[in-house]
Amino acid sequence: QVQLVESGGGWVQAGGSLKLCCAASGRTFSSYGMGWFRQAPGKEREFVAAISWGGGRSYYADSVKGRSTISRDNAKNTVYLQMNSLKAEDTAVYYCAARSGRRDFPGGHSDDYNYWGQGTQVTVSS
């Protein structure tokens with residue numbers, strides 16, 4: 001069982017940056033693959049990025065590739081999403097998710113993940 005709490009969201013102008021954090025409870029964080037998803041009003045939840053349990057592999061949606069970096073610090077039970085060159089279309093609620101099991105790729109679909117945070121709002125003003 002793992003509990004996830006996101007932080008770092010907020011309002012930013014287009015072209016700006018934000019760093020989202022997801023703090024996880026539990027002693028087995030390092031055995032979970034982690035992902036970030038987002039959901040804009042009226043749209044389905046979509047994959048943003050994922051990172052393997054050890055942090056050696058990362059994956060990105062085309063929409064954020066080159067502008068975002070996912071990372072993790074297993075000693076701090078935390079996963080991060082650094083987002084740069086933000087656009088209005090990045091506006092959404094961002095969710096952190098965890099998937100049990102040591103996989104190189106945790107997955108790109110919501111159904112792949114076992115645990116979810118409550119979300120943090122990111123608003124980008126154009």
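Criteria and cut-off values
Residues numbered from 1 in each chain as written. Predicted model: local features only at pLDDT ≥ 70, side-chain atom pairs only at ≥ 80, totals over all residues. Heavy atoms only, no water. Phe/Tyr/Trp six-rings, centres within 6.5 Å; stacked < 30°, edge-to-face > 60°. Helix = DSSP H or I, 4+ residues; strand = E, 2+ residues; numbered from the N terminus. Buried < 20%, exposed > 50% of the residue type's maximum accessible area, 1.4 Å probe, protein only. Pairing = 2+ DSSP bridges. Disulfide = S-S within 2.5 Å. Core = buried A, V, L, I, M, F, W, Y, C linked by side-chain atoms within 4.5 Å.

Enquirer: Would you take a moment to explain the packing of aromatic side chains for this structure?
Expert: For any pair of aromatic rings, the description consists of the separation of the ring centres together with the inter-plane angle of the planes. Evaluation of the coordinates by the stated rule reveals eight aromatic pairs. Taking 5.7 Å as the distance between ring centres and 75 degrees as the angle between the ring planes, the aromatic pair formed by Phe37 and Phe47 counts as edge-to-face. Within this pair, whereas Phe37 is found in strand 4 (residues 32-39), its partner Phe47 is found in strand 5 (residues 46-51), the two being separated by ten residues in sequence. Just as Phe37 is buried, Phe47 falls in that class too.

Enquirer: Can you walk me through the pairing of strand 3 (residues 18-24) in this structure?
Expert: Within a regular strand, side chains alternate between the sheet's two faces. Residues Leu18, Leu20, Cys22 and Ala24 line the buried face of strand 3, whereas the alternating positions Lys19, Cys21 and Ala23 sit on a face that is not buried. Pairing analysis gives four bridges linking strand 1 (residues 4-7) to strand 3, with the strands arranged antiparallel. Bridge assignment links Glu6 to a residue of strand 3, and that residue is Cys22. With six bridges connecting them, strand 3 and strand 8 (residues 78-83) associate as antiparallel partners. Looking at strand 8, one finds that Cys22 is bridged to Val79.

Enquirer: Honestly, the state of the cysteines in this entry has me stumped. Any pointers?
Expert: Simply put, the disulfide is a covalent bond whose two ends are the sulfur atoms of two cysteines. Per the counting criterion, the structure on display carries one disulfide. The thiol of Cys21 is not disulfide-bonded; the next cysteine sulfur, from Cys22, is found 8.9 Å away. Judged by its relative accessible area of 23%, Cys21 is partly exposed.

Enquirer: Any chance you could explain the nonpolar core here in plain terms?
Expert: Among soluble globular proteins, nonpolar side chains are generally buried collectively. Residues Leu4, Met34, Trp36, Val79, Leu81, Met83 and Tyr94 are the most contacted members of the largest nonpolar core, which totals 34 residues. Secondary structure elements with two or more residues in this core: strand 3, strand 4, strand 5, strand 8, strand 9 (92-100) and strand 11 (120-125).

Enquirer: So what exactly am I meant to see when it comes to unusual backbone geometry here?
Expert: Leaving glycine aside, a negative phi is the common case for residues, and trans is the common case for peptide bonds. Of note, the phi angle at Asn77 is positive, near 55 degrees, even though the residue is not glycine. Relative to the helices and strands, Asn77 is located in the loop between strand 7 (68-73) and strand 8. Phi is positive for Ser85, which is not a glycine, with a value near 50 degrees. Positionally, Ser85 belongs in the loop between strand 8 and strand 9.

Enquirer: Quick question: what am I supposed to make of the pairing of strand 4 here?
Expert: Counting buried positions over the eight residues of strand 4 gives seven, a clear majority of the element. One ladder, built from eight bridges, connects strand 4 with strand 9; its direction is antiparallel. The residue of strand 9 that forms the bridge with Gly35 is Ala97. In the sheet, strand 4 pairs with strand 5 via five bridges, with the strands oriented antiparallel. Across the sheet, residue Trp36 finds its bridge partner in strand 5, namely Ala49. Taking the residues that link successive antiparallel strands as the turn, the strand 4-strand 5 hairpin has six residues, and the phi of Gly42 there is positive, at about 80 degrees.

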